[in-house]
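# Fold and contact review
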Amino acid sequence: MKDLKKFSDEELFHACIEGSESSFEELYNRYWYKLYTEAIRRIRKAELAEEIVQDLFTSIWLNRKKIQIHSSVAAYLFTSVRYLVISSLQKEIVRKNYREFYKGHFKDFDNSTEKRIAFNELQDQIENHVRLLPDRCRYIYELSRKEFKSNKEIADLLGISEKTVENQLTKALSRLKVAMKLYSFHLLLLYYLC
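The rules behind each value
Residues numbered from 1 in each chain as written. Predicted model: local features only at pLDDT ≥ 70, side-chain atom pairs only at ≥ 80, totals over all residues. Heavy atoms only, no water. Helix = DSSP H or I, 4+ residues; strand = E, 2+ residues; numbered from the N terminus. Buried < 20%, exposed > 50% of the residue type's maximum accessible area, 1.4 Å probe, protein only. Contact = heavy atoms within 4.5 Å. Areas by Shrake-Rupley, 256 points an atom, 1.4 Å probe, with all protein chains shown as cover. Phe/Tyr/Trp six-rings, centres within 6.5 Å; stacked < 30°, edge-to-face > 60°. Lys NZ or Arg CZ within 6 Å of the ring centre and 35° of its normal. Axes fitted to C-alpha atoms, helices over the stretch in contact; angles between N-to-C directions. Parallel < 35°, antiparallel > 145°, perpendicular 65-115°, else oblique. Nonpolar A, V, L, I, M, F, W, Y, C, P; charged D, E, K, R; others polar. Polar contact = N/O pair within 3.5 Å; in protein donor to acceptor, adjacent residues only side chain to side chain. Bend = angle between axes of the 7 residues up to and from the residue. Patch = residues over 30% accessible without salt bridge, like charges linked within 9 Å, V, L, I, M, F, W, Y side chains within 5 Å. Salt bridge = Lys/Arg side-chain N within 4 Å of Asp/Glu carboxyl O. Core = buried A, V, L, I, M, F, W, Y, C linked by side-chain atoms within 4.5 Å.

Further remarks concern the overall build of the protein chain. Looking only at helices and strands, the protein chain has 8 helices and 0 strands in total. Buried residues in the protein chain amount to 30% of all 194 residues. Relative to all contacts within the protein chain whose residues are 6 or more apart in sequence, the contacts with residues 24 or more apart total 57%. Carbon and sulfur atoms make up 56% of the accessible area of the protein chain, which totals about 13,700 Å².

Structure below.
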């Protein structure tokens, strides 16, 4: 087995394109903390910074065959994190403005029943999409999210590495995120068309 620590970033990325999970894991381990530090320095929220870096690596793995790097892998990663931070900040501004608008215009509107119905529908949608996950991925997701087990506990229980657990959770969450975006889009369409 090759010592991936001796590979350059570019060699690792090329191996990722070919589908090498171990090369992706090495690249992930090499850059995760550096990218997290860069994100948290700019956004100042640990959880959001972690989510940004996770989203970046998920996107890289899912789109690895389409990505074309014209500079170094490091420059690509750091530039991507900066763009994701900017995008996140812009979304937060929009959400804040919406909340302010909503508070100002709908103070007296009680929609607790509608909220409960919408919440139940959302839960049903999530459950439906969880059922569509591959068996192993679904099982790891359910251990994490329903039984509240840590990645280490899941890894010990299943006899796999924590990194495998993390990769499976990343896969599950990215699929659910895409499904929920589509669900939200359909709700908006129905709202505006009805």
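Turning our eyes to something else, we now look at the packing of aromatic side chains. All told, the structure shown has 6 aromatic pairs when counted by the stated rule. On the basis of an interplanar angle of 80° and a centroid distance of 6.0 Å, the ring pair of Phe24 and Phe57 is categorised as edge-to-face. You can see Phe24 sitting in helix α2 (residues 21-43) and its partner Phe57 sitting in helix α3 (residues 46-62), a full 33 residues away along the chain. Accessibility classification places Phe24 together with Phe57 in one group, the buried group. Seen in terms of ring centroids, Tyr33 and Tyr36 are 6.3 Å apart; in terms of plane orientation they differ by 40°. Their pairing is tilted. Placement of both Tyr33 and Tyr36 in helix α2 is noted, with a separation of 3 residues, approximately one turn of the helix. One Lys or Arg, Lys34, reaches over the ring of Tyr31 and ends 5.1 Å from the middle of that ring. Its end group placed over the ring of Trp61, Arg64 keeps NZ or CZ at 3.8 Å from the ring centre.

Packed helices, taken two at a time, are described by the angle their axes make and the gap between the axes. One can describe the packing of helix α5 (residues 112-131) onto helix α6 (residues 135-145) by two numbers: an axis separation of 9 Å at closest approach and a directional angle of 140°. With respect to each other, α5 and α6 are oriented oblique. Residue-level inspection shows Ile126, Val130 and Arg131 of α5 in contact with α6, the latter providing Arg138, Tyr141 and Glu142. Of the residues in the contact of α5 with α6, the class split is 3 nonpolar, no polar and 3 charged.

Time to look at unusual backbone geometry. One non-glycine residue, Arg44, adopts positive backbone phi at about 65°. Here Arg44 shows up in the loop between α2 and α3.

Once that is clear, we can look at the side chain of Arg30. Among the structural elements, Arg30 can be located in helix α2. From its side chain, Arg30 meets the backbone oxygen of Lys5 in a polar contact 3.4 Å long. There is a polar contact of 2.7 Å between the side chain of Arg30 and the side chain of Asp9.

We now examine α2. Roughly 40° is the biggest bend found in α2, and it falls at Tyr31. Count one or two residues on from α2 and you reach Arg44, which has phi positive near 65°.

This paragraph deals with a nonpolar patch on the surface. Taken together, Tyr139, Leu157 and Leu158 make up a surface patch of nonpolar side chains, about 270 Å² in accessible area. Among the structural elements, Leu157 can be located in helix α7 (residues 151-158).

Another point: the nonpolar core. The biggest cluster of nonpolar side chains holds 26 residues, and the ones touching the most others in it are Leu27, Tyr31, Leu35, Val53, Phe57, Ile60 and Leu77. Listing elements by their share of this core, those giving two or more residues are α1 (9-17), α2, α3 and α4 (73-105). Ranked by residues supplied to this core, first place goes to α2 with 9 residues. Beyond its immediate chain neighbours, meaning those up to four positions away, Ile60 contacts Phe13, Phe24, Ile67, Tyr76 and Leu77. Ranked by size, the runner-up nonpolar core spans 12 residues in total, among them Tyr141, Val165, Leu169 and Leu176.

On to the pattern of salt bridges, then. By the definition in use, this model includes 13 salt bridges. As a salt-bridge pair, Arg42 and Glu38 come within 2.6 Å of each other at their nearest N and O atoms. A residue pair is termed a helical-turn pair when its members lie 3 or 4 positions apart in one helix, as Arg42 and Glu38 do in helix α2 at 4 residues. You can call Glu38 buried: its relative accessible area is 10%. Where Glu127 meets Lys146, a salt bridge forms, and the shortest distance between an N and an O atom there is 3.0 Å. Pair noted here: Glu127 is in helix α5 and Lys146 is in the loop between α6 and α7, with a separation of 19 residues, a long-range link. For Glu127, a relative accessible area of 28% puts it in the partly exposed group. Look at Lys146 and you get partly exposed, because its relative accessible area is 39%.

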